[in-house]
Amino acid sequence: ASFFLVVLVHAIAIRTLRMAGDDALVRELLPFLGEGALIKVGGILAGALIVFFLGVVDDLKALSPVPKLLGQIAAALVLVASGLRIEAFVLTNFWLSAGVTVFWVVMITNSLNFLDNMDGLCGGVSVIAALSFFLAVDPDETLVRMVLMVFAGAVGGFLYHNLSPRGSSWATRARCSMASCSRP
């Protein structure tokens, strides 16, 4: 998906600049069109869509662990293919950083899936993680920081609707347990 999006934006940008009538300007501005950032955003969106559709299918028809794992690996590979990899410390080798990235994305996806058993827990942890990553990321990485803030805002807005109307699930279970213990 990101490949076609880049081709489309590239063609529109070139046509717009050529309509201005300056081919020299086209050659000069070409590197500044932000195609690298667009590919990364397209990779994030494509990976997110894979995980989203995997979740929808899982909700409609309970999937076994193998298709879930394959879908998560596919989403992680889309991220790697779009140029998003963990490159910290000794991860300068492409294959090593790609492998660590795929492993990390699959583990985080499953961890958040396991946290989704209590109202608001997964969303709360996700907002805290996004804000923490925002503070930890290099300030020059504006695209990553922007995506983190958009994500934190979107999940934070959803979090209100994800909370139980009776309070937290833990508190509700605790009240019910205490009520049942106090009965004769």
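Computed from a predicted model, the values in this text were never measured in an experiment.

A few words now on the overall build of the chain. Within the chain one finds eight helices and zero strands. When the helices and strands of the chain are listed from N to C terminus, the series reads α-α-α-α-α-α-α-α. Residues classed as buried in the chain amount to 24% of the 184 residues present. When contacts within the chain are restricted to residue pairs at least 6 apart in sequence, long-range pairs at least 24 apart make up 51% of them. Carbon and sulfur atoms make up 72% of the accessible area of the chain, which amounts to about 12700 Å² in all.

Put simply, the chain has an average pLDDT of 75, and 67% of its residues get 70 or more. Confidence drops under a pLDDT of 50 for residues 24-33, and excluding neighbours within four residues, the segment shows eight contacts in the predicted structure. In the predicted structure, residues 170-184 sits below a pLDDT of 50 and forms four contacts with residues beyond four places in sequence or in another chain.

Together, Leu49, Phe52, Phe53, Val56 and Leu60 make up an exposed nonpolar region whose accessible area comes to about 530 Å². Relative to the helices and strands, phenylalanine 53 is located in helix H3 (residues 35-60).

A few words now on the side chain of glutamine 72. Tracing the sequence through the fold places glutamine 72 in helix H4 (residues 65-81). According to the relative accessible area criterion, glutamine 72 is buried, its value standing at 7%. Not counting chain neighbours up to four residues away, the residues in contact with glutamine 72 comprise Leu54, Val106, Thr109 and Asn110.

With that settled, the discussion passes to the side chain of arginine 145. Following the sequence through the fold, arginine 145 ends up in helix H7 (residues 142-162). Although buried, arginine 145 forms no salt bridge, and the nearest oppositely charged side chain, aspartate 138, lies 7.0 Å from it. A distance of 3.2 Å separates the side chain of arginine 145 from the backbone oxygen of valine 137, its partner in a polar contact.

Here we take up the environment of valine 105. Residue position: valine 105 is located in helix H5 (residues 94-115). Distance from valine 105 to glutamine 72, taken between C-alpha atoms, is 7.7 Å for residues 33 residues apart in sequence. Not counting residues within four places of it along the chain, the set of residues in contact with valine 105 comprises Ala76 and Leu79.

Calculation notes
Residues numbered from 1 in each chain as written. Predicted model: local features only at pLDDT ≥ 70, side-chain atom pairs only at ≥ 80, totals over all residues. Heavy atoms only, no water. Helix = DSSP H or I, 4+ residues; strand = E, 2+ residues; numbered from the N terminus. Buried < 20%, exposed > 50% of the residue type's maximum accessible area, 1.4 Å probe, protein only. Contact = heavy atoms within 4.5 Å. Areas by Shrake-Rupley, 256 points an atom, 1.4 Å probe, with all protein chains shown as cover. pLDDT = per-residue confidence, 0-100. Patch = residues over 30% accessible without salt bridge, like charges linked within 9 Å, V, L, I, M, F, W, Y side chains within 5 Å. Salt bridge = Lys/Arg side-chain N within 4 Å of Asp/Glu carboxyl O. Lys, Arg positive; Asp, Glu negative; His and termini not counted. Polar contact = N/O pair within 3.5 Å; in protein donor to acceptor, adjacent residues only side chain to side chain.

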